[in-house]
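# Structure assessment
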Amino acid sequence: MSHPKDMYFESVTKTFDATVALENFSLTVRSGELLTLLGPSGCGKTTALRIAAGFERPDTGRVLVGAVDITNQPPHLRQMGMVFQSYSLFPHLSVIDNVTFGLRMKRVASQEQRMRGLRMLELVRMEGLTDRLPHQLSGGQQQRVALARALATQPDVLLLDEPLSALDAKVRAEVRDEIRTLTTRLGTTTVFVTHDQEEALGISDRICVMNKGIVEQVGSPTEIYDHPRSSFVADFVGELNRIRLGGVDLVVRPEQVILDNCHTADTGGEIVATSFHGSFMRYQVRLDDGQAVTAIAKHTPGSGMRAGTRVTVKIGDEKHERSV
Amino acid sequence: MGLVPFAAFVGLFLIWPAVSLFRLAVRPTRNSNISAMREAVTGSYLDSFLYTIKLSFLSALLGAICGTFLTAAVMRVERPAWVRQAVSSFAGVAANLGGIPLAFAFLAALGTQGLVTKALSWFGIDLIGAGFTISNFAGITLVYLYFQIPLMFLVTLPAFEGLRPTWREAAANLGAGPTRYWRHIGLPILAPALLGGFLLLFANAFSAYATAYALSSGGARLIPVQIRFFLQGNTITGKDNLGYAMAAWMIILMIAVMGAYLLLRKRAEQWQR
Amino acid sequence: MATLTNRLKTPLWAWVVITLAAIFFVLPMLAMARFAFQRVPVALLGRNTLFDRWTLDGLVDMFRDPDFRPALWLSLRISVLTVALTLLVMLPTALWVNVQAPRLRSMVETATLLPYVIPPIALVVGAGGAFRDLAPWFLRSDYCLVPFYAVLAMPFTFRSLDTGLRSIDLKTLIEASRSLGAPPTTTLLRVVVPNISSALLGTIFLTITVVLGEFTIASLLLKPTLPLYMSYSQGRNPQGALGLAILLLALTTLLFFAATRLRRRGADRKMIRIGAMP
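These figures come from a predicted structure and were not determined experimentally.

Our next topic: the overall build of chain C. Counting its secondary structure elements, chain C contains 14 helices and zero strands. N-terminal to C-terminal, the α/β element order of chain C is α-α-α-α-α-α-α-α-α-α-α-α-α-α. With the C-alpha coordinates of chain C rotated into their principal frame, the extents come out at 75 × 65 × 35 Å. By the burial criterion, 53% of the 278 residues in chain C qualify as buried. In chain C, the proportion of contacts linking residues at least 24 apart, taken out of those at least 6 apart, comes to 74%. Only carbon and sulfur atoms are counted for the fraction: they give 66% of the accessible area of chain C, which is about 13,300 Å². Placing the 27 positive and 13 negative side-chain charges of chain C at their respective mean positions leaves the two points 8 Å apart.

Here's what the structure looks like:
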């Protein structure tokens, strides 16, 4: 097993034609953690990942694994495992041959290749389909094989480039949990790229929120959600209401908005639309002064309110009020 | 139900003539005691078949190799965007070119009075003296390359375009540099398309009539021209059975070659999903 | 998310290959053009005579030839009829396969490739044998070429129509039109046809290029079409014949360009499959 090492991006800048993809990007990925690069498309997260893999060269700055500068190392000499969005399995090779391909390239003895390949397939619960060809697998199965393939060579860092975005919702959750379990179990340092904030919050040890090639905030999922350091982060991670109550500008999460159907001195409004999500209920409320607010309330039997109901609106947790 | 007009059309103007061909080929005749199907593959007729197969094989092989390199080269050109477009469009025309115009063009370039022949003689290269003429084996092969290379290009371009960048990147991640990528991933994935292209080129050369006919002297030994020799217009040569038999053998060969081509194409398509 | 791909520099070998190919493919055309339009024997060609005596006389003589016009008209009439027959047979087939029986598509597509299995020389010989006894009048007519040309064009025409039809959501279009109360003919003419107009035009162009280039069948059935006339007049007026060859080539190229342009506009790129027949 290779020694766990941290990976560093040091002031990496990358420009494509006139567009700046990354600007003075610095980040430490701690060994063994799962770090997510989160941001809208074009924010530079994929570029950062591709620079780590060696597919792009930074204009300036360095990439290091441990003490080794890998900035100018060609991709096939780096110890990186990568899982792509979709269709990256070699179509002419069976599942087991795909998984052992990296070991073959490293000239591991063929007996051991097969053994390690089968072990990886067991870990992703694909041991029954070793001799299938990729086109005979479902999307979720393909991504599990791709994961096994990337991990089979025991890479320094596992790079995941939106590996779930081509899957449908239920499979997505399954594969996501699998990635989490597997990387924790193997202690693999992992960089996960996604534009889906829910995915990021669910899977990560730490999240790096990016925008326009710049790091907006790095922190644990709860830190990012509860203490967004910029309005961009607050907006991008989770849902947000921006309202003005009693002369104060407020930024509040929908779950902090409390609706009450008995009248008090607080702000009044009317529910204009509701949607039921099983464990919770979403309300669209129009305040009397015309502002729109979204509220989320935990669902308990008999707790639902209908559209048209008059309500008063209160803001729950005071410490999240901040003017922006 | 909706396929009745199509089936009737194909049946009447394609299948029925082909079936008649076989019927006529195996029909007994008075002036010969061995069947025409047998006779068509013996003696000098067998030589004609072998000559045609040799020529088709060589022109298909050279066409496939040159065509593949052309495709690979065009795939690497991104900057003037019109290059790929222009080559594709030209290939579409050239692949279907043949017959009289093509023979004319090569006669004007490489005939005894050809422009290129003359230009080469300025540099002291005597093409004719070296035994090259446009209507011998080498000459016909060269002329055929004019439509074989573009055909190969057209067949392999989608295959090259179907090579996903992620395969190259995944291979690199797993420790395969450019050479090992092509050996283990690129070429094996392209193999069905390349082999299929070769087969298509072989069939294409074997059945080419117009070009062979226009290059008269050397083309005369080729099977398609031989068939015409036995079945000229409506005249009876007395050996028309032999002509039918040759055409029948030709179809048998085409069924084998095109069948293999279709199988390979199916495999290649499956991988693309 | 869109990935920014590496801009790889085109390597030198690629340019070498493309240049060599360009020379191989352009030189014969240039030589042909020179022979057709310049009245200087190759032996006398040199730096001083390179621009001497360029003329269209050969071509003009050919246009004056009494046999030229009938050949041209015959080829044009056969083109029109072949286009009509192709649309009559292939359009309903392509529609049927796309709407009613998608499972039969691969079977029909394979059937349209049969002309590769039964090459023109075998087809014409077999057709001669088949029709001579049963319908000799058929082979005597110049128009007997029409169905065979439609057959030869089939691999191109079916593919072109099928690609056009697949790029639109035909089933939904038809269902929408019907649910709005349009009778089948109206649906076909006012909903389907306008949506595949570029594929239709492409099909027509491709059919014409097949007709204008076909030599084998016309030659064996002794029908005086344009390509056949070109071959015969080679002895009498070689310059005119080569000039005509160039004209036909230019026309074919133009039609082909137009057809591929249209196809590209009308079709989803993903539809173009590996190993596509030209």
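This brings us to the nonpolar core. Taken as a class, soluble globular proteins show a tendency for nonpolar side chains to be buried jointly. Counting residues in each nonpolar core, the largest one holds 218 residues, and the members touching the most others are Met 7, Phe 25 and Leu 37 of chain A. The biggest single contributor to this core is helix α7 (residues 137-161) of chain B, with 15 residues. Those residues within four positions of Phe 25 of chain A in sequence are excluded, and the remaining contacts are Phe 9, Glu 10, Ser 11, Val 12, Leu 37, Ala 48, Cys 208, Met 210 and Val 215 of chain A. Counting 29 residues, the second largest nonpolar core, distinct from the first, contains Leu 34, Val 83, Leu 137 and Leu 151 of chain A.

Moving on: the domain arrangement of chain C. When the parts come together, some accessible area is lost, and that loss is often what is quoted as the size of the interface. Residue and element names in this part refer to chain C. When the domains of chain C are assigned, the result is domain 1 (12-44 + 51-55) and domain 2 (66-271). On a C-alpha basis, the centres of domain 1 and domain 2 stand 32 Å from each other. Regarding the contact of domain 1 and domain 2, the summed buried area is about 680 Å², with carbon and sulfur atoms giving 74% of it. When the buried area of domain 1 at its contact with domain 2 is split by residue, Met 32, Phe 35 and Ala 36 rank highest and sum to 65% of it. If you look at where domain 1 meets domain 2, you find zero salt bridges. The interface formed by domain 1 and domain 2 includes two residue pairs in polar contact (both at pLDDT 80 or more). Here the residues of the side of domain 1 that touches domain 2 sort into six nonpolar, one polar and one charged.

All names here are of chain A. Across all of its chains, the model carries zero disulfides over all chains by this definition. Free cysteine: Cys 43, not disulfide-bonded; nearest cysteine sulfur from Cys 208 at 8.6 Å. Since its relative accessible area comes to 1%, Cys 43 is described here as buried.

Attention now moves to the interface of chain C and chain B. Listed per partner, the contact involves 85 residues of chain C and 84 residues of chain B. With both chains or domains summed, chain C and chain B bury close to 7,500 Å², and 78% of this area falls on carbon and sulfur atoms. Our count for the chain C to chain B interface comes out at one salt bridge. With its nearest N and O atoms 3.4 Å apart, the salt bridge here joins Arg 265 of chain B to Glu 109 of chain C. Viewed at the interface, chain B and chain C are joined by three residue pairs in polar contact (both at pLDDT 80 or more). When residues in the side of chain C that touches chain B are grouped by element, the largest group, 15 residues, is from helix α1 (residues 12-37) of chain C.

Now for the sheet that holds strand β10 (residues 214-219) of chain A. Residue and element names in this part refer to chain A. Strand order in this open sheet of six strands is β6-β7-β8-β3-β9-β10, and the pairing throughout is mixed. Looking at strand neighbours, the two that pair on one side only are β6 (80-83) and β10, the edges of this open sheet. Between one strand and the next, the sheet's axes are offset by a mean angle of 20 degrees, whatever the strand orientation.

All names here are of chain A. The alternating pattern of β6 places Met 80 and Met 82 on one face and Gly 81 and Val 83 on the opposite face, and all of these are buried. As paired strands, β6 and strand β7 (residues 157-161) are joined by four bridges and run parallel to one another. Paired with Val 83 across the two strands is Leu 160, which belongs to β7.

One side chain can pair with another of opposite charge once the charged atoms of both are near each other. Residue and element names in this part refer to chain A. Counted by the stated rule, this structure contains 25 salt bridges over all chains. For Arg 242, the salt bridge is made with Asp 235, and the minimal N-O distance between the two is 2.8 Å. We classify Arg 242 as partly exposed; its relative accessible area is 43%. Between Arg 244 and Asp 249 there is a salt bridge, with the nearest N and O atoms lying 3.3 Å from each other. Classification of Arg 244 as partly exposed rests on a relative accessible area of 45%. Under the relative-accessibility criterion, Asp 249 is labelled partly exposed at 35%. Taken together, the shared-partner salt bridges in this structure form one network comprising Arg 125, Arg 144, Glu 174 and Glu 178.

All names here are of chain C. In the predicted model, chain C carries a mean pLDDT of 83, and the fraction of residues at 70 or more is 90%. Of all the helices and strands in chain C, helix α14 (residues 238-266) carries the lowest mean pLDDT, 81, while helix α3 (residues 68-99) carries the highest, 93. A low-confidence stretch, residues 1-7 (pLDDT under 50), is modelled with 17 contacts involving residues beyond four sequence positions or located in other chains. Here residues 266-278 is a poorly scored stretch, pLDDT under 50, and it has 39 contacts once near neighbours within four places are set aside; other chains count. The ipTM value of the predicted complex is 0.86, and its pTM value is 0.83.

Right, let's get into the environment of Val 40 of chain C. All names here are of chain C. Structurally, the position occupied by Val 40 is in the loop between α1 and α2 (57-64). Given a relative accessible area of 8%, Val 40 falls into the buried group. For the pair Val 40 and Asp 52, spaced 12 residues apart in sequence, the C-alpha to C-alpha distance is 7.3 Å. Ignoring anything within four residues of it in the chain, the contact list for Val 40 reads Arg 34, Leu 45, Thr 49, Asp 52 and Arg 53.

For the rest of this paragraph, the subject is helix α5 (residues 99-110) of chain B. Residues and elements named next belong to chain B. For α5, with 12 residues, the first-to-last C-alpha span of 16 Å sits near the 16 Å given by 1.5 Å per residue. α5 sits mainly inside the fold: 11 of its 12 residues count as buried. Taken as a whole, α5 has its buried residues at Gly 99, Ile 100, Pro 101, Leu 102, Ala 103, Phe 104, Ala 105, Phe 106, Ala 108, Ala 109 and Leu 110.

Attention now goes to the side chain of Arg 105 of chain C. Residues and elements named next belong to chain C. Inspection of the secondary structure assignment puts Arg 105 in helix α4 (residues 105-112). A polar atom in the side chain of Arg 105 sits 2.6 Å from the side chain of Asn 98. Discounting residues that sit within four places of it in the chain, Arg 105 has contacts with Val 97, Asn 98, Asp 162 and Arg 166.

Thresholds applied
Residues numbered from 1 in each chain as written. Chains lettered and ligands numbered in written order. Predicted model: local features only at pLDDT ≥ 70, side-chain atom pairs only at ≥ 80, totals over all residues. Heavy atoms only, no water. Helix = DSSP H or I, 4+ residues; strand = E, 2+ residues; numbered from the N terminus. Buried < 20%, exposed > 50% of the residue type's maximum accessible area, 1.4 Å probe, protein only. Contact = heavy atoms within 4.5 Å. Areas by Shrake-Rupley, 256 points an atom, 1.4 Å probe, with all protein chains shown as cover. Lys, Arg positive; Asp, Glu negative; His and termini not counted. Charge placed at Lys NZ, Arg CZ, Asp CG, Glu CD. Core = buried A, V, L, I, M, F, W, Y, C linked by side-chain atoms within 4.5 Å. Domains from an automatic or database assignment. Buried area = accessible area lost by both parts, 1.4 Å probe. Salt bridge = Lys/Arg side-chain N within 4 Å of Asp/Glu carboxyl O. Polar contact = N/O pair within 3.5 Å; in protein donor to acceptor, adjacent residues only side chain to side chain. Nonpolar A, V, L, I, M, F, W, Y, C, P; charged D, E, K, R; others polar. Disulfide = S-S within 2.5 Å. Pairing = 2+ DSSP bridges. Axes fitted to C-alpha atoms, helices over the stretch in contact; angles between N-to-C directions. pLDDT = per-residue confidence, 0-100. Expected span 1.5 Å × (residues − 1).

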